[in-house]
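# Commentary on secondary and tertiary structure
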Amino acid sequence: MNQPPPLVDYNLFESDAALRESLEREGASWAHDLVHELGRLAGTEQAIEWGFQANANPPRLRTHDRFGERIDEVEFHPAWHELMKVAVGHGLHALPWREPRPGAHAARAAAFYIWSQVEGGHGCPVSMTYAAVPALRQSPELAAEWEPLMTTLEYDPGLQPHAAKKGVLFGMAMTERQGGSDVRSNTTRAEPTGANGEHRLTGHKWFCSAPMCDAFLVLAQAPGGLSCFLLPRVLPDGTRNAFHIDRLKDKLGNQANASSEITFDGAWAVLVGEEGRGVRTIMEMVNHTRLDCVIGSASLMRQAVAQATHHTAHRTAFGKLLTDQPLMVNVLADLAIESEATTILMMRIAGAFDRAADPAEAHFRRIAVAIAKFWTCKRAIAVVAEALECHGGNGYVEESILPRLYREAPLNSIWEGAGNVNALDVLRAMQREPDTVSSYFGEVELARGADKTFDHAIDDLKRELTPSDGLESRARRVVERMAIVLQASLLLRHGEQKVADVFLSSRLVNDWGQTFTFGTLKFEKELKSVIERHRPRL
Ligand SMILES: Cc1cc2nc3c(=O)[nH]c(=O)nc-3n(C[C@H](O)[C@H](O)[C@H](O)COP(=O)(O)OP(=O)(O)OC[C@H]3O[C@@H](n4cnc5c(N)ncnc54)[C@H](O)[C@@H]3O)c2cc1C
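The structure presented is a predicted model; accordingly, all values stated were derived computationally and were not measured. (Residues numbered from 1 in each chain as written. Predicted model: local features only at pLDDT ≥ 70, side-chain atom pairs only at ≥ 80, totals over all residues. Heavy atoms only, no water.)

A few words on the packing of aromatic side chains. In total, this model carries 7 aromatic pairs according to the counting rule given. Where Phe-76 meets Trp-80, the ring centres are 4.5 Å apart and the plane angle is 15°; that geometry is what we call stacked. Judged by its relative accessible area of 4%, Trp-80 falls in the buried class. Against the face of Trp-30 rests Arg-101, its NZ or CZ located 3.9 Å from the ring centre. (Phe/Tyr/Trp six-rings, centres within 6.5 Å; stacked < 30°, edge-to-face > 60°. Buried < 20%, exposed > 50% of the residue type's maximum accessible area, 1.4 Å probe, protein only. Lys NZ or Arg CZ within 6 Å of the ring centre and 35° of its normal.)

As structure tokens, this is what we get:
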């Protein structure tokens, strides 16, 4: 009936040339077997089914038990637990902390990108646990107590005192109803109750995802100002902490994951880092979750492109395979180029996390993660929508996975700082830490001389940054240009030649459709090779 075979039993890693090349380049080829195995698993019918089941059977809140006692538990479908078991069992929540060797963040990024293609929602607690470690290390005693449990490969769900668990997961609770991005207007209060940084927290959080995590990093107002706290769900004596789940959010996507509204009713918590420096402390966490938003967006794009190149390679219309129709070639190649540029960027930034002991890399990381978070999360929305259309009506049907990817796509741009907040963060980095700009241009300039268009683009960008007039209003314009110039530099140095050429002519020179519609590249011969580089093979 002219329908494609299902895209199962293929290896997501083997079929992803851009990722394989990046893994090696970022010094993480030692992780080949791990990522390869996850690529195999992610292509199995079983894993794909878990992704569908976990989303078709969203979590349910149970506030009370049958005797009327508060329990504040969320029940998940068994498929969620299977997905979590694989993620934790392969160290996606902890790899660089377990194996602090060169390339560990890059290895984890590649693995997380592969496994997230099966299902995005369960990546939330996995990401938050990974990201909580560097924040917690600001209180070495707390880190010594919790980190060994945060880095085991055991997925041990259920509420128990942490000392009794084989492994724990962390969440974060910053966002309040009245404050949101402006966390300094948070009203949750923290009253000191004794020595060792112990406090009682009273207040609410408007968004708290994965509320079945074992502990949370929470922002609250202490006498000395906004501070960061570690708040466990269960106290050491086995009683439940006063952490009440009021309701679960009814969300656009991200259905497998639970996101809740919570109330702290004198909940026990302990200070992390310095009192009054809560934002600084939790930013250590946010920098890592922002990297994961980039990985998540790259992963969504890759899965969408894999599905689209596969579908069109097996469906015929008007006497030809869709993938051989010249206009479809234009669309697919354009999507593949965007996906490749994102994958390379994601891996380069993950590599900077590995090399952060080098000041230039640390400065590059600081600015590049905010640039990439802004840009790639925006692009994922457009890429997924267009890849969906490549499937025709089938793409609009749930079984194709595209509707799920489509609903998931806007989320990465919202949480961990919505688009404007990230764009403004790039300006903050430029103004407060000018070395970040030097490191950015240091990286970009490595490709100078490879292409005249590119050289002009660097010079234009420098001119765009120079006047501070209206910079805040121009932040998105500046940041998207910084992202594209950085991607162009990476593609010129490391990408496939054809991909780099077309990226430059479309994205840099704007020889492209007026509305950034994919499939508006100028006429190019041999675009088919770009598609074939991205098409998964069964
Ligand atoms: C599914 C989901 C799960 C979440 N999970 C968690 C969680 O586990 N823990 C947690 O703490 N939070 C969580 N969040 C909250 C999320 O981080 C916030 O929604 C996000 O940071 C934006 O804050 P806000 O919703 O209050 O929007 P607002 O702060 O009201 O922002 C609204 C809009 O205004 C823009 N804006 C804000 N300031 C400026 C400015 N100065 N100039 C120009 N524009 C501006 C923003 O970019 C945004 O587009 C979650 C959100 C979602 C959707």
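Around the ligand sit 20 residues in total, of which Met-174, Thr-175, Gly-180, Ser-181 and Ser-209 are the nearest. Residue Thr-175 places a side-chain N or O atom 2.6 Å away from a nitrogen atom belonging to the ligand. The fraction of the free accessible surface of the ligand (970 Å²) that becomes covered by protein chains is 66%. Of all the secondary structure elements, the ones that give two or more residues to the shell around the ligand are β3 (170-173), β5 (198-209), α13 (411-414) and α14 (419-432). Class assignment of the residues belonging to the shell around the ligand gives a composition of 11 nonpolar, 7 polar and 2 charged. (Near = heavy atom within 4 Å. Polar contact = N/O pair within 3.5 Å; in protein donor to acceptor, adjacent residues only side chain to side chain. Areas by Shrake-Rupley, 256 points an atom, 1.4 Å probe, with all protein chains shown as cover. Helix = DSSP H or I, 4+ residues; strand = E, 2+ residues; numbered from the N terminus. Nonpolar A, V, L, I, M, F, W, Y, C, P; charged D, E, K, R; others polar.)

Time to look at the environment of Gly-253. Relative to the helices and strands, Gly-253 is located in the loop between β8 (243-248) and β9 (259-272). Residues Gly-253 and Gly-120, 133 residues apart in the sequence, show an inter-C-alpha distance of 9.8 Å.

Another aspect to go through is the nonpolar core. Core analysis: the largest hydrophobic core is formed by 184 residues, its most contacted members being Trp-115, Phe-170, Leu-217, Leu-230, Tyr-440 and Met-482. Among the elements that line this core, the one with the most residues is helix α10 (residues 326-354), at 17 residues. Residues in contact with Trp-115, not counting those within four places in the same chain, are Leu-38, Leu-41, Ala-42, Ala-47, Trp-50, Leu-83, Val-86, Ala-87, Leu-92 and His-122. (Core = buried A, V, L, I, M, F, W, Y, C linked by side-chain atoms within 4.5 Å. Contact = heavy atoms within 4.5 Å.)

The next point concerns the pattern of salt bridges. Once the charged atoms of two side chains with opposite charge are near each other, the side chains can pair. In total, this model carries 40 salt bridges according to the counting rule given. Notably, a salt bridge pairs Asp-292 with Arg-108, separated by 2.8 Å at the nearest N-O pair. Taken together, the residues Asp-292 in helix α9 (residues 278-312) and Arg-108 in helix α6 (residues 104-116) connect sequence positions 184 residues apart. Each member of the pair, Asp-292 as well as Arg-108, is classed as buried. Its salt-bridge partner being Arg-428, residue Asp-425 comes within 2.8 Å of it at the nearest N-O pair. Note that Asp-425 and Arg-428 are positioned in helix α14 at a spacing of 3 residues, about one turn of the helix. (Salt bridge = Lys/Arg side-chain N within 4 Å of Asp/Glu carboxyl O.)

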